[in-house]
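Summary of the model geometry
These are the residues of each chain, in order.
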Amino acid sequence: MDKGPLRVLTVPTTPYSDQRPGSNGLRRKVHVFQSRRNYLHNFIQCIFSSIDLRDRQGSALVVGGDGRFFSQMAIEVIVQMAAANGVSDSTTASLLTLHPGASRSTRTGRHSPVTSPQVGRLIVGHRGFMSTPACSCVIRKFKAIGGIILSAGHSPAGPDGDFGIKFNTANGGPANEAVADKIYQISRSIEEFAICPGLRLDLTTLGKQTFDLENKFKPFTVEIVDAVESYANLMRNIFDFAALKELLSGENRITVKLDAMHGVVGPYVKRILCEELGCPANSAVNCVPSDDFGGQRPDPNLMDAADLLDNMRDGEHDFGAAFDGDGDRNMILGKHGLFVTPSDSVAVIADNIFCIPYFQHSGVRGFARSMPTSAALDRVAKATQIELYETPTGWKFFGNLMDAGRLSLCGEESFGTSGDHIREKDGLWAALAWLSILATRRQSVEDILKYHWLKYGRNYFTRYDYENIDIDAACEMMEDLEIMIADKSFVKRRFAVEDKIYRVEKADNFEYTDPVDSSITRNQGLRIVFSDGSRIIYRLSGSESSGGATVRIYLESYEKEYVFQETQVVLAPLATIALKISQLHHRTGRTGPSVIT
Ligand code: G1P
């Protein structure tokens, strides 16, 4: 479709001081994007300006998201800004970058053409939709320089909900700290942005659309792609679809219930599980994406995915899985709603990794987990003599290891699991991984989990979240705790709760030295490790959008023999200690966590 020539404008703007990307991009309340002048435009310009000009020339950039409220408006702006920032003929491209604040030899006037960053081609998901794992897959497939993902993951959506912008780089994974910092530094001094306001894209038609711009550069091209098909194709190359089809629709089939929680992954579940692998249509629920996720928080945990849990309780279904808004998180359930903790899930997949053909071919290079994730995976790594990496929270830290060929499978306690087929966590992949184990072992989820605990012992794990806490109170608590645990006398200190006695063996503020590039990431959570391997960890969330703070307390205890106890009972003494030494309730007036997982 030919449009144009379209005007390209340079618009003056003023910086915001709060555009530092968090654990996973920039996440804010929708009204922040709506009410603060150019808040969206500024951040998008900073992303474009952060990319080296040479890397931009002739490259593709991917755009898509989970379809949440405000996405359509944001996609329109991103496309208009990509066009205005794009010079697709490198012979006419000036080497100026539009990096406001940097010195420039010429200044473009308000209506002047912008001779600046080149985005050769935009690749946009059909109707603007693309799950986060599919985005990673598409970036890699098209060898793009990166992608802009419009999502706030598992956070609620709608006019009162959250909106988010994530920037992924050429490996398909979240931008690393250095890139995030570059974006932030630019955001502090931005003076103008470039935009092509008349550009209108048809998001509903697959294929290429070109637009002529008034600056006479080569036409700007956008390609609308079927990300579901690209992702499905990747899955076909990883898993044994014939075996999965037999499991799900053969003579001795199992029954499953999959809950897409009104998120973007619904069409992927339908296409792969129902149309291709033969699950009956009613085994997949909430598969039509909605811009407010049906008014629910699209977070696959026992509280927010309670409908699935209820559904599973009657014992009709053998396997259940739920996914979050952008499709990167997963929760796995067995018959009668048996909950597999994400920490156990990645350990079980590791122990059964060769049930997945991809790993039979690629081999297994290493395992990794984020620091607060339980050490269940470490036990499998030790037994199989495979390297284990402990990284800070956030998926970006896994990407470096994968790119260096050192990591094959990883997970986070926050319902993230994935392999090195992409550089994001991948909810549907995790469900297919579990189904591959069931297809190979022909055992129930419960039998597989119990076998695992009997073989390795059990790492009991829980997380308490205190949401929307006063920031000053939260920071003060962390500071006081850090001072307390830094005192030499803290190590060897004993804590007694009823008949349990815990002796501190190690306490620190976790810091990580990346084994690939030696970069150091500090301040990643306060750890108290006891002599029996039990741990208490305190962290402040990096993905909070409310303006308050979220304090996370992670509790873990290892039992070699008593593996069939109630998690909260086993961890109750540790919880008592964690609350006592932090004085969290006293400091905040809270009487309990907002969420326990
Ligand atoms: C949370 C999770 C973390 C995950 C991130 C992005 O971050 O705890 O594991 O990588 O969301 O999905 P947090 O809010 O704890 O910083």
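Residues numbered from 1 in each chain as written. Predicted model: local features only at pLDDT ≥ 70, side-chain atom pairs only at ≥ 80, totals over all residues. Heavy atoms only, no water.

**Focus: the overall build of the chain**
Using the following cut-off: A run of DSSP states H or I qualifies as a helix once it reaches four residues; a run of E qualifies as a strand once it reaches two. Both are numbered from the N-terminal end. Computation of the radius of gyration draws on C-alpha atoms alone. For the globule rule, the value is 2.2 Å times the number of residues to the power 0.38. The buried label goes to any residue with under 20% of its type's maximum accessible area, the exposed label to any with over 50%, and the partly exposed label to all in between, with areas taken from a 1.4 Å probe on protein chains only.
Helix and strand content of the chain: 19 helices and 28 strands. At 24 Å, the chain has a C-alpha radius of gyration in line with the 25 Å of a compact globule built from 597 residues. Dimensions along the principal axes, computed over C-alpha positions, put the chain at roughly 75 × 65 × 40 Å. Put simply, the chain has 597 residues, and 60% of those count as buried.

**Observations concerning the sheet that holds strand 14 (residues 330-334)**
Condition: A pair of strands counts as paired when DSSP detects no fewer than two bridges linking them.
Sheet architecture is open: five strands sit in the order 12-11-13-14-15, paired in mixed fashion. Every interior strand has two partners, whereas the edge strands, strand 12 (284-285) and strand 15 (339-340), have only one. Alignment of strand 13 (residues 319-323) against strand 14, held across five bridges, turns out to be antiparallel. Note that in strand 14 the partner of Gly320 across the bridge is Leu333.

**Points about the pairing of strand 27 (residues 549-559)**
Burial analysis of strand 27 places 11 of its 11 residues in the buried class, the great majority of the element. Inspection of the sheet shows strand 20 (residues 458-469) paired to strand 27 by 10 bridges, in the antiparallel sense. Bridge pairing in strand 27 places Arg463 opposite Tyr554. Judged from the six bridges that link them, strand 26 (residues 535-540) and strand 27 form a sheet pairing that is antiparallel. Within the sheet, the bridge partner assigned to Ile537 lies in strand 27 and is Tyr554.

**Structural notes on the side chain of Asn301**
For clarity, the cut-off: A 3.5 Å cut-off defines polar contacts: any pair of N or O atoms within that distance qualifies, except that in protein one atom must be a possible hydrogen donor and the other a possible acceptor, and neighbouring residues in sequence count only when both atoms are side-chain atoms. Here, residues are in contact when the closest pair of their heavy atoms is within 4.5 Å.
Assignment of secondary structure puts Asn301 in the loop between strand 12 and helix 10 (306-313). Among the polar contacts made by the side chain of Asn301, one reaches the main-chain amide nitrogen of Asp304 at a distance of 2.7 Å. If near-sequence neighbours (up to four positions away) are discounted, Asn301 is found in contact with Ala306, Met331, Phe415 and Thr597.

**Quick notes on the packing of aromatic side chains**
Under the convention used in this document: Aromatic pairs are defined between Phe, Tyr and Trp rings, using the six-membered ring for Trp, whenever the two ring centres lie within 6.5 Å; interplanar angles under 30 degrees are classed as stacked, those over 60 as edge-to-face, and all others as tilted. Note on geometry: a ring has a charge over it if NZ (lysine) or CZ (arginine) is within 6 Å of the ring centre and within 35 degrees of the ring normal.
In total, this model carries 18 aromatic pairs according to the counting rule given. When the centroid spacing of 6.5 Å and the interplanar angle of 85 degrees are considered together, the rings of Phe359 and Trp429 count as edge-to-face. Linking Phe359 in helix 12 (residues 357-362) with Trp429 in helix 15 (residues 427-441), this pair joins segments that are 70 residues apart in sequence. Both residues of the pair, Phe359 and Trp429, count as buried. Of the aromatic side chains, those joined through ring pairs into one cluster are Tyr16, Phe33, Tyr39, Phe70 and Phe163. For Arg379, the ring lying beneath its charged end belongs to Tyr558, and the centroid distance is 3.4 Å.

**Notes on the environment of Val269**
Along the chain, the position of Val269 falls in helix 9 (residues 266-276). When the C-alpha positions of Val269 and Cys279 are compared, they lie 9.9 Å apart, and in sequence the two are 10 residues distant. Not counting residues within four places of it along the chain, the set of residues in contact with Val269 comprises Leu258, Cys274, Ala284, Cys287, Phe323 and Leu428.

**So, the nonpolar core**
Basically, it comes down to this: Put simply, buried Ala, Val, Leu, Ile, Met, Phe, Trp, Tyr and Cys residues joined by side-chain atoms within 4.5 Å make one nonpolar core.
Among the nonpolar cores identified, the biggest contains 76 residues, and Phe239, Ile272, Leu273, Phe319, Phe367, Trp429 and Leu435 are the most heavily contacted of them. The biggest single contributor to this core is helix 15, with 11 residues. Those residues in contact with Trp429 that lie beyond four places of it in its chain are Tyr231, Met235, Ile238, Phe239, Ile349, Ile356, Phe359, Leu409, Thr417, Ser418, Gly419 and His421.

**Things to note about the sheet that holds strand 20**
Strand order in the open sheet formed by seven strands is 21-22-25-26-27-20-28, with antiparallel pairing between adjacent strands. Looking at strand neighbours, the two that pair on one side only are strand 21 (494-497) and strand 28 (595-596), the edges of this open sheet.

**Some remarks on the confidence of the model for the chain**
Reading predicted coordinates in detail is not appropriate for stretches of low pLDDT. How we decide: For every residue, the predictor reports its confidence as pLDDT, a number between 0 and 100.
Summary statistics for the chain give a mean pLDDT of 91 and a share of 92% for residues scoring 70 or more. Counted against residues more than four places away or in other chains, residues 87-118, with its pLDDT under 50, gives 94 contacts.

**Topic: the environment of Gly64**
Residue placement: Gly64 occurs in strand 4 (residues 60-65). Through-space distance from the C-alpha of Gly64 to that of Asn237 is 23 Å; in sequence the pair is 173 residues apart. Other than its neighbours up to four places away in sequence, Gly64 contacts Gly128, Met130, Ile148, Ile149 and Leu150.

**Describing the pattern of salt bridges**
Going by this rule: We count a salt bridge whenever a side-chain nitrogen from Lys or Arg sits within 4 Å of a carboxyl oxygen from Asp or Glu.
Scanning the model with the defined rule gives 35 salt bridges in all. We note a salt bridge from Arg200 to Glu76, for which the minimum N-O separation is 3.8 Å. You can see Arg200 sitting in the loop between strand 8 (192-195) and strand 9 (207-213) and its partner Glu76 sitting in helix 4 (residues 71-84), a full 124 residues away along the chain. A residue is classified by how much of its surface remains accessible, and Glu76, at 34% relative accessible area, is partly exposed.

**Some points on helix 18 (residues 567-582)**
We apply this condition: By definition here, a helix of n residues has an expected span of 1.5 Å times n minus one. To get the bend at any residue, fit one axis to the seven residues that end at it and another to the seven that begin at it, then take the angle between the two axes.
Here helix 18 spans 22 Å end to end across 16 residues, near enough to the 22 Å set by a 1.5 Å rise per residue. The axis of helix 18 is deflected most strongly, by about 40 degrees, at Pro573. Gln583 sits one or two residues past helix 18 and shows a positive phi near 55 degrees.

**Here's the deal with unusual backbone geometry**
Although it is not a glycine, Phe70 adopts a positive phi angle of roughly 90 degrees. Considering the arrangement of structural elements, one finds Phe70 in the loop between strand 4 and helix 4. Phi at Arg442 takes a positive value of approximately 50 degrees, unusual for a residue other than glycine. With respect to the element layout, Arg442 can be found in the loop between helix 15 and helix 16 (445-456).

**Comments concerning the environment of Ala260**
Looking at where Ala260 falls in the secondary structure, it is placed in the loop between strand 11 (256-259) and helix 9. For Ala260, a relative accessible area of 1% puts it in the buried group. Along the sequence, Ala260 and Ala305 sit 45 residues apart, while their C-alpha atoms lie 9.7 Å from each other. Beyond its immediate sequence surroundings of up to four residues, Ala260 is in contact with Val265, Gly266, Val285, Asn286, Cys287 and Phe323.

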